[in-house]
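Structure at a glance
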Amino acid sequence: MSHQFIRVALPVPLRRLFDYRLPERAAMPVVGGRVRVPFGQRQLIGFVVEQNVTPELDPETIKPVTEVLDQEPLWPLSIWQLLVWAARYYHHPLGDVLSHAAPALVRQGQLPRYEQTTWYTLTKEGEAVTPADLARAPQQQRLLAALANGPAEASVVRALDIPASTVKTLLDKQWISTEQRSNEPQNWVFTGANDPLQLNTEQAVAVAAMKAPLERGDPTVWLLEGVTGSGKTEVYLQAMAPVLERGQQVVILVPEIGLTPQTVARFSKRFNVPIVSLHSGLTDSERLQGWLQARDGKAAIIIGTRSAIFTPCQNIGLMILDEEHDNSFKQQDGFRYNARDLAVKRAHQEGFGLVLGSATPSLESLANVAAKRYQYLRLTQRAGPAQQAQHAVIDLKQQRIESGLSDQLLTTMAKHLQAGNQVLIFLNRRGYASALLCHECGWVSECHRCQANMTLHQFDHLLQCHHCGAQKSIPRQCGGCGSTQLVSQGIGTEQVQETIARRLPGYGILRIDRDSTRRKGQLAEALNAAAEGDYPILIGTQMVAKGHHFPNVTLVALLDVDGALYSSDFRAAERLAQLYLQVAGRAGRAEKKGTVVLQTHHPEHPLIQELVNNGYSHFARAALEERKLALLPPYAAMALIRSEATSKDAAEQLLKAIANSLQGVDNVTVIGPMPAPLGRRAGRYRYQLLLHAEQRAPLHNTLMHYLPTFEKLPETRKARWSLDIDPQDFA
Ligand code: ADP
Ligand code: ZN
Ligand code: ZN
């Protein structure tokens, strides 16, 4: 009998598939199911990609499959196709893409099934027992009584304080029996929406525009641009209602885990349907249960972060991606996908409507609106009682400054505090100071593993590197000359807190940054306390910028944005504009009018003028025009190849070799190699090579053609490299 072979994708960093032989008389495993196979000295779990293949190698040398794990594909065909497409688009090994998309327990080889629980039932013999038979065994009597009305779950029996030994005794006597039951949830029904709001005209137009395409299952993409507080969430809720009513599922993607509880709360208040949330804070088993409920249609609403884009759904009718401009939809390591772009692809493949919502849409999405690929919906007014905030710029050149706080800002803060309101001070730098500096010789507290300074953390009494996490105690003397004249440089949130406490005494201060919210639950607690108005003064990093509602805040101040004004990153202006408006959106959400203050040394800078006087849309139109002239994304395609190695030379030589092999390629410009902006991290030197093309196709084809040769370059033995398609971050 001749052998049969299958082609398998394995979670290894090689852009190729592997052939394995089936054991004699084994049934052909399904495409999309898992197999356990030998790989080198290890056993790996892989995914069957093709059946009945003719192997490329000598069949005699091909190893057999160890074990077939699935009788059915893990994913429905639509998700399988999305994953295969993503592996091609991002030029990432298919096995790694598939294992990334699978729940951890499935990746590790467990069967994808609902949790099983133990149930106890009376047997015929057990039913015949009378209390008198057990006069001297009260525990046994209690257990029999508990089961008299029908089977009970083990947890119920445990809650009755019946000892395990009693259970065992009755099992041995065969008076009771056990059975495993699956915790598969019931099917759900839509029972209407609780207290929908009366929509304003713009909201009503948006909801109406979505109605018919959603009914038809058209893969329409809507960009819903609405200033903070304009009622985007109400639009989502009302667009969802008819979808749920048809029995279809809705998927909602949010940028970060911190936003999921708030989102879940709002959606569960409106609809009495099962909601699952999928994010990195869950245990592996909770994640698998949620994944199954989504796949089988048992969950009506699925709320998750980036990776939830790969969650299979039995019957999806609508997907919503909130804060679509947010960078966290892009995975920055390993499989570097963009969940927003995959959502668009998935909508087309699966046939459902997609809403991209933001107060500050990405330039990519605005370009897609201009190209008529997306439909544009706008909410220009704040809904409900909130009023539009007022913007002001403080020229730092004219001011006395202490710890980054101008006198004018402190005076303004005092006014808002005296009126009983809250103020929010935004500074995207945690710690006390960016560095420790010797006043006599100029020595700086550098990290010895990174090309970066170590941050001074006064409250924890240490120096910490924010790039590799290295820590050491604060030196008393200069590492260069031994002087004791050490001074701090660059202001962090701790220092702002200290100075505010001194300059505006008597007001409670809550600092929200990564250091103050390290323990599990601390962030949610802090955000709650902030929203409740427990602290008059809030100081925060970007953690407070996203989506959280602080109804009593009437003053928001951004301390330091000057770094972004003259950055070499072509996206810096867009990021600053988005951050500015996101932070500004925290002010004046309730009845109170808000003020947004920006401190800068460059009040005349066109970007600042544009933002303060004309708003985001105006800025975005001008920025898109600039990108077009400069042939930058979204009007060009880019790929970034990064290398790193413990030797500087090895990191550079690898990219030189790659650049050399690309010489003479048409329609793709190769720029570099050049050192990465952070030239060394955690002891490794880092280089970059940028590939730029006016059209996506030549870039894609070039990579398709040359990547296999890159993998074989001898220089890869001394340096690691990675590929980033549509890079967002050039650090
Ligand atoms: P966004 O998501 O755009 O920031 P929200 O949906 O959170 O805005 O709405 C902001 C506030 O306005 C919320 O308190 C919400 O309840 C209220 N709101 C939204 N739509 C309406 C409406 N049509 N009528 C009255 N209040 C509304
Ligand atoms: Zn010194
Ligand atoms: Zn470091």
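In this numbering scheme, every chain counts its residues from 1 along its sequence in written order. Both sets of labels track the order of writing: A upward for chains, 1 upward for ligands. pLDDT decides what is reported in this predicted model: residues at 70 or higher carry local features, side-chain atom pairs at 80 or more are listed and counted, and totals for whole chains, interfaces and linings draw on all residues regardless. Values reported for side chains reflect all heavy atoms of the structure, with hydrogen atoms and water molecules removed beforehand.

Considering the overall build of the protein
Rules: A run of DSSP states H or I qualifies as a helix once it reaches four residues; a run of E qualifies as a strand once it reaches two. Both are numbered from the N-terminal end. Note on method: radius of gyration uses C-alpha positions; expected globular size equals 2.2 Å times residues raised to 0.38. Buried means the residue's accessible area, taken with a 1.4 Å probe over protein chains only, is under 20% of the maximum for its type, while exposed means over 50%, and partly exposed covers the values in between. Any two residues whose heavy atoms approach within 4.5 Å at even a single point are treated as in contact. Every accessible area reported is derived by Shrake-Rupley at a probe size of 1.4 Å, with residue values counting cover from the shown protein chains alone. Charge convention: Lys and Arg are scored as positive, Asp and Glu as negative, and His as well as the terminal groups of each chain are ignored. Throughout, a charge is located at the NZ atom of Lys, the CZ atom of Arg, the CG atom of Asp or the CD atom of Glu.
Scanning the protein from N- to C-terminus turns up 22 helices and 32 strands. Taking 27 Å as the expected radius of gyration for a compact globule of 731 residues, we find that the protein reaches 30 Å, a close match to that expectation. C-alpha atoms of the protein, sized along the principal axes, occupy 90 × 70 × 65 Å. In the protein, which comprises 731 residues, the share counted as buried stands at 53%. In the protein, the share of contacts with a sequence separation of at least 24, taken over all contacts with a separation of at least 6, comes to 75%. Of the roughly 33500 Å² of accessible surface on the protein, a fraction of 49% belongs to carbon and sulfur atoms. Of note, the protein has its 76 positive side-chain charges centred 2 Å away from the centre of its 70 negative side-chain charges.

Points about the coordination of the zinc ion (ligand 2)
Applicable threshold: Metal coordination here is assigned from N, O and S atoms located within 2.8 Å of the ion, or within 3.2 Å for Na, K and Ca; omission of water means that sites may look incomplete. Square planar and octahedral assignments, for four and six donors respectively, both demand that opposite donors be over 155 degrees apart and that all other angles lie between 65 and 115; tetrahedral needs four donors with all angles between 85 and 135 degrees, and anything else is irregular.
Protein coordination of the zinc ion (ligand 2) is provided by Cys438 (SG), Cys441 (SG), Cys478 (SG) and Cys481 (SG), with donor distances spanning 2.3 to 2.4 Å. One way to put it: the four donor atoms around the zinc ion (ligand 2) meet at angles of 103 to 113 degrees, and that makes the site tetrahedral. On the primary sequence, the residues serving as donors to the zinc ion (ligand 2) are separated as C-x2-C-x36-C-x2-C. On the accessibility criterion, Cys441 (42% relative accessible area) is partly exposed.

Observations regarding helix H9 (residues 232-245)
Given 3.6 residues per turn, any residue in an α-helix points the same way as the ones three and four places further on. The following threshold applies: Expected span of a helix, by definition, is 1.5 Å for each gap between consecutive residues, and there is one gap fewer than residues.
Between its first and last C-alpha atoms H9 spans 21 Å; for 14 residues at 1.5 Å apiece the expected length is 20 Å, and the two agree. Most of H9 sits out of view: twelve of its 14 residues are buried. Within H9 the residues assigned to the buried category are Lys232, Thr233, Glu234, Val235, Tyr236, Leu237, Gln238, Ala239, Met240, Ala241, Val243 and Leu244. Just downstream of H9 lies Gly247, where phi reads positive at about 85 degrees.

Some details on the coordination of the zinc ion (ligand 3)
Protein-derived ligands of the zinc ion (ligand 3) are Cys447 (SG), Cys450 (SG), Cys465 (SG) and Cys468 (SG), with the metal-ligand distances lying across 2.2 to 2.4 Å. The sequence pattern describing where the donors of the zinc ion (ligand 3) fall on their chain is C-x2-C-x14-C-x2-C. Comparing Cys447 with Cys450 shows no difference in burial state: the two are buried.

Overview of the side chain of Arg511
Note the cut-off: Polar contact criterion, stated in full: a pair of N or O atoms within 3.5 Å, where within protein one must be able to donate a hydrogen and the other to accept it, and residues adjacent in sequence count only if both atoms are side-chain atoms.
Note that Arg511 resides in strand E25 (residues 509-512). Overall, the relative accessible area of 12% leaves Arg511 in the buried class. Side chain to side chain, Arg511 and Gln497 meet in a polar contact 2.6 Å long.

Points about the confidence of the model for the protein
As a reminder of what qualifies: Summary of the metric used: pLDDT quantifies the predictor's per-residue confidence within the range 0 to 100.
In the predicted model, the protein carries a mean pLDDT of 93, and the fraction of residues at 70 or more is 99%. No element of the protein has a lower mean pLDDT than helix H17 (residues 562-565), at 84, and none a higher one than strand E14 (residues 353-358), at 98.

Points about the pattern of salt bridges
Where charged atoms from two side chains of opposite charge come close, those side chains can pair. Defined as follows: Put simply, a salt bridge is a Lys or Arg side-chain nitrogen that is within 4 Å of an Asp or Glu carboxyl oxygen.
Applying the stated rule across the entire model yields 35 salt bridges. Asp70 is the salt-bridge partner of Arg34, the closest N and O atoms lying 2.7 Å from each other. Here Asp70 lies in the loop between strand E5 (67-68) and helix H1 (77-89) and Arg34 lies in strand E3 (residues 34-39), a separation of 36 residues in the sequence. Asp70 carries the same exposure label as Arg34, and that label is buried.

Things to note about the sheet that holds strand E9 (residues 221-226)
To keep things clear, this is the line we draw: When DSSP locates at least two bridges between a pair of strands, those strands are taken to pair. Inter-axis angles, ranging from 0 to 180 degrees, are taken between N-to-C directions of lines fitted to C-alpha atoms, where helices are fitted over the stretch in contact.
Taking strand neighbours across the sheet as the criterion, the seven strands line up as E11-E12-E10-E13-E14-E9-E15 in an open arrangement whose pairing is parallel. Bordering the open sheet on either side are strand E11 (275-278) and strand E15 (375-379), each of which pairs with just one other strand. Here the strands of the sheet are splayed against their neighbours by 20 degrees on average, with no regard to which way each runs. As judged from the five bridges shared by strand E10 (residues 249-253) and strand E13 (residues 316-322), these two strands associate in the parallel manner. By the bridge assignment for E13, Val251 is matched with Met319. Contacting E9, E10, strand E12 (301-304), E13, E14 and E15, H9 crosses the sheet at an angle of about 170 degrees to E13. Across the sheet, helix H12 (residues 339-350) is in contact with E9, E13 and E14; its angle to E13 comes to roughly 165 degrees.

Re the site of ligand 1
Threshold: To be near a molecule or strand, a residue needs just one of its heavy atoms within 4 Å of it. Only Asp, Glu, Lys and Arg are considered charged, only Ala, Val, Leu, Ile, Met, Phe, Trp, Tyr, Cys and Pro nonpolar, and every remaining residue, Gly among them, polar.
For ligand 1, the set of nearby residues contains 18 residues, the closest of which are Gln198, Gln203, Gly229, Lys232 and Thr233. Between ligand 1 and the protein, one listed contact pairs an oxygen atom with a backbone N or O atom of Gly229 at 2.9 Å. The contact in question runs from an oxygen atom of ligand 1 to an N or O atom on the backbone of Lys232, over 2.9 Å. Out of a free accessible area of 550 Å², ligand 1 has 73% covered by protein chains. In terms of residue count, H9 provides more of the shell around ligand 1 than any other element does, three residues in total. Across the shell around ligand 1, the residue classes tally to four nonpolar, ten polar and four charged.

A look at unusual backbone geometry
With an omega dihedral of 5 degrees, the bond running from Pro633 to Pro634 counts as a cis peptide bond. Mapped onto the elements, Pro634 comes out in the loop between helix H20 (616-629) and strand E29 (637-645). One non-glycine residue with positive phi stands out, namely Gln174, at about 60 degrees. Relative to the elements of secondary structure, Gln174 occurs in the loop between helix H7 (164-172) and strand E8 (176-182). For Ser403, which is not glycine, the phi torsion reads 50 degrees and is therefore positive. Here Ser403 shows up in the loop between strand E17 (401-402) and strand E18 (405-406).

Some thoughts on H1
The terminal C-alpha atoms of H1 lie 18 Å apart, and with 13 residues this matches the ideal 18 Å at 1.5 Å per residue to within 8%. Looking at the buried residues of H1, the elements they touch are strand E4 (42-50), helix H2 (94-101), H12, helix H22 (696-712) and strand E32 (720-725). Remark: His91 follows H1 within two positions and exhibits a positive phi of approximately 50 degrees.

So, the environment of Pro714
On the secondary structure map, Pro714 appears in the loop between H22 and E32. Residues Pro714 and Thr263, spaced 451 residues apart in sequence, show a C-alpha to C-alpha distance of 50 Å.

Structural notes on the packing of helix H13 (residues 363-370) against H20
We count it as follows: Should an angle lie under 35 degrees it is considered roughly parallel, over 145 roughly antiparallel, and from 65 to 115 roughly perpendicular; all remaining angles are considered oblique.
It is at 10 Å that the axes of H13 and H20 come closest, and there the two elements cross at 85 degrees. Considered as vectors, H13 and H20 are oriented roughly perpendicular to each other. Contact residues: H13 offers Leu363, Leu366 and Ala367, while H20 offers Tyr616, Ala620, Ala623, Leu624 and Arg627. Taken together, the residues that form the contact of H13 with H20 break down as seven nonpolar, no polar and one charged.

As for the sheet that holds E32
Each strand in a sheet pairs with another by means of backbone hydrogen bonds, the pair being arranged parallel or else antiparallel. The strand order across the open sheet formed by four strands is E30-E31-E29-E32, and the pairing between neighbours is antiparallel. Every interior strand has two partners, whereas the edge strands, strand E30 (669-681) and E32, have only one. On average, each strand axis in the sheet is tilted by 20 degrees relative to the strand beside it, whichever way the strands run. The sheet contact formed by E29 and strand E31 (residues 684-693) spans nine bridges and is antiparallel. Within E31, the residue paired with Ala637 across the bridge is Ala693. The sheet strands contacting H22 are E29, E31 and E32, and the helix crosses E32 at an angle near 165 degrees.

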